[in-house]
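Examination of the molecular architecture
So you can see what is in the structure, the chains are spelled out below.
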Amino acid sequence: MATGHTDPKRRERIIAATLDLIAEEGLARVSHRKIAARAGVPLGSMTYHFDGIDELLREAFGRFTDHIVAVFDARLSVPTDRDEAREAVADLVHALSEGPQRDLILTQELYTLAARQPEYRELTHEWMRRSRIHLEKHFDPATARQLDALIEGLTIHRALAREPHDRDLTLEAIIRITTTDMATDTDTDTGMDTGRATRN
């Protein structure tokens, strides 16, 4: 049987198996033995690649957040103006809420961990930071923060609702938040960004 040295994909299989098991059975039921069986690797190889279950879980959730951030990047890096950004946010909400149930479950498991453990909270902070980088290209920081929260809230509501709301309602909610944005409002006499002046 291949060892960790001659099987370079073994580590990736272990991480993927960990995420699959969390999504299917819940974090509390995950064990080294189950992960090894799911990944098709010897039980002893688990400690070769990871010091313990905590290190494995942190890396697995780190890999998951990289995946979600990539979805945000793909959708939110495209817009060239504010109207396109609003449309992209609406598309993102619907892509996430209609996506794999696995992603929804893993997100909620991560939030539970982040509520208790600072190292997982750092993963969610980095996720939010990177999503707001794109939003702040088109909206002021305060509005970008509200919009980021709206994305998560609408995504969860649509994913869990018996009758999910349609895209028109999503876009209406986005427009309501972003029309209060003051980032482009400029004092005609002084040339000052009045929104920024008010926030400061």
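Computed from a predicted model, the values in this text were never measured in an experiment. Per chain, residue numbering runs from 1 following the sequence as it is written. Owing to the predicted nature of the model, reporting of local features is limited to residues with pLDDT of at least 70; listing and counting of side-chain atom pairs is limited to 80 or more, with chain, interface and lining totals taken over all residues. To get the side-chain values, all heavy atoms of the structure are used, and hydrogens and water are removed first.

1. Topic: the packing of aromatic side chains
To describe a pair of aromatic rings, one takes the distance between the centres and the angle between the planes. Each pair of aromatic rings taken from Phe, Tyr and Trp, with Trp reduced to its six-membered ring, is defined by centres within 6.5 Å and is described as stacked if the planes are under 30 degrees apart, edge-to-face if over 60, and tilted in the remaining cases. Within the structure shown, the criterion is met by three aromatic pairs. Here Phe 61 and Tyr 120 contribute two aromatic rings whose centre-to-centre distance is 6.0 Å and whose plane-to-plane angle is 90 degrees, an arrangement assigned as edge-to-face. Of the two residues, Phe 61 is situated in helix α4 (residues 53–76) and Tyr 120 in helix α7 (residues 118–135); the sequence distance between them amounts to 59 residues. Here the two residues Phe 61 and Tyr 120 agree in accessibility, since each one is buried. With 6.1 Å between their ring centres and 20 degrees between their planes, Tyr 111 and Trp 127 make a pair best called stacked. In this pair, Tyr 111 sits in helix α6 (residues 101–116) while Trp 127 sits in helix α7, placing the two residues 16 residues apart along the sequence. Summary of the burial criterion: residues with accessible area below 20% of their type's maximum are buried, those above 50% are exposed, and those between are partly exposed, where the area comes from a 1.4 Å probe applied to protein chains only. Residue classification places Tyr 111 among the partly exposed residues on the basis of a relative accessible area of 23%. Pairwise contacts between aromatic rings join Phe 72, Tyr 111 and Trp 127 into one cluster. Secondary structure follows DSSP: runs of H or I at least 4 residues long count as helices, runs of E at least 2 residues long count as strands, and numbering of each begins at the N terminus.

2. Points about the packing of helix α5 (residues 82–97) against helix α9 (residues 167–178)
Running from N to C, α5 and α9 point in directions that differ by 135 degrees, and their axes come no closer than 9 Å. Classed by the angle they form, the pair α5 and α9 counts as oblique. The element α5 and its partner α9 pack so that their crossing is right-handed. Residues Arg 82, Arg 86, Glu 87, Val 89, Ala 90, Asp 91, Val 93 and His 94 of α5 form the contact with α9, whose own contacting residues are Arg 167, Thr 170, Leu 171, Ile 174, Ile 175 and Thr 178. Here the contact of α5 with α9 is built from residues that sort into six nonpolar, three polar and five charged. Axes here refer to lines fitted to C-alpha atoms; in helices the fit is confined to the stretch in contact. Angles between the N-to-C directions go from 0 to 180 degrees. An angle below 35 degrees is treated as roughly parallel, one above 145 as roughly antiparallel, one from 65 to 115 as roughly perpendicular, and anything else as oblique. Each crossing gets its hand from how the near helix is turned against the far one by less than a right angle, where anticlockwise is left-handed and clockwise is right-handed. The contact criterion used is simple: two residues touch if any of their non-hydrogen atoms lie within 4.5 Å. Three classes are used, and their members are as follows: Ala, Val, Leu, Ile, Met, Phe, Trp, Tyr, Cys and Pro are nonpolar, Asp, Glu, Lys and Arg are charged, and the others, Gly among them, are polar.

3. Focus: the confidence of the model for the protein chain
Close reading of the predicted structure is inappropriate where its pLDDT is low. Per-residue confidence from the predictor is reported as pLDDT, a score between 0 and 100. Per-residue confidence for the protein chain gives a mean pLDDT of 87; residues scoring 70 or more make up 86%. Ignoring residues within four places in sequence, the model shows residues 181–200, a span with pLDDT below 50, making 27 contacts including any to other chains.

4. What about the nonpolar core?
By size, the foremost hydrophobic cluster in this structure holds 46 residues, and its most contacted members are Ile 14 and Ile 35. Looking at this core, the elements that each hand over two or more residues are α1 (10–25), α2 (32–39), α4, α5, α6, α7, α8 (141–160) and α9. With nine residues, α4 is the largest single contributor of residues to this core. Throughout this description, the term nonpolar core refers to a set of buried Ala, Val, Leu, Ile, Met, Phe, Trp, Tyr and Cys residues connected via side-chain atoms within 4.5 Å.

5. Thoughts on the packing of α4 against α6
Packing of α4 against α6 brings their axes to within 11 Å, and their N-to-C directions diverge by 125 degrees. Put simply, α4 runs oblique to α6. Read as a crossing pair, α4 and α6 show a hand that is left-handed. For the pair α4 and α6, the contacting residues are Phe 61, Phe 64, Thr 65, His 67 and Ile 68 in the first and Asp 103, Leu 106, Thr 107, Glu 109, Leu 110 and Leu 113 in the second. When grouped by side-chain class, the residues that make up the contact of α4 with α6 number six nonpolar, three polar and two charged.

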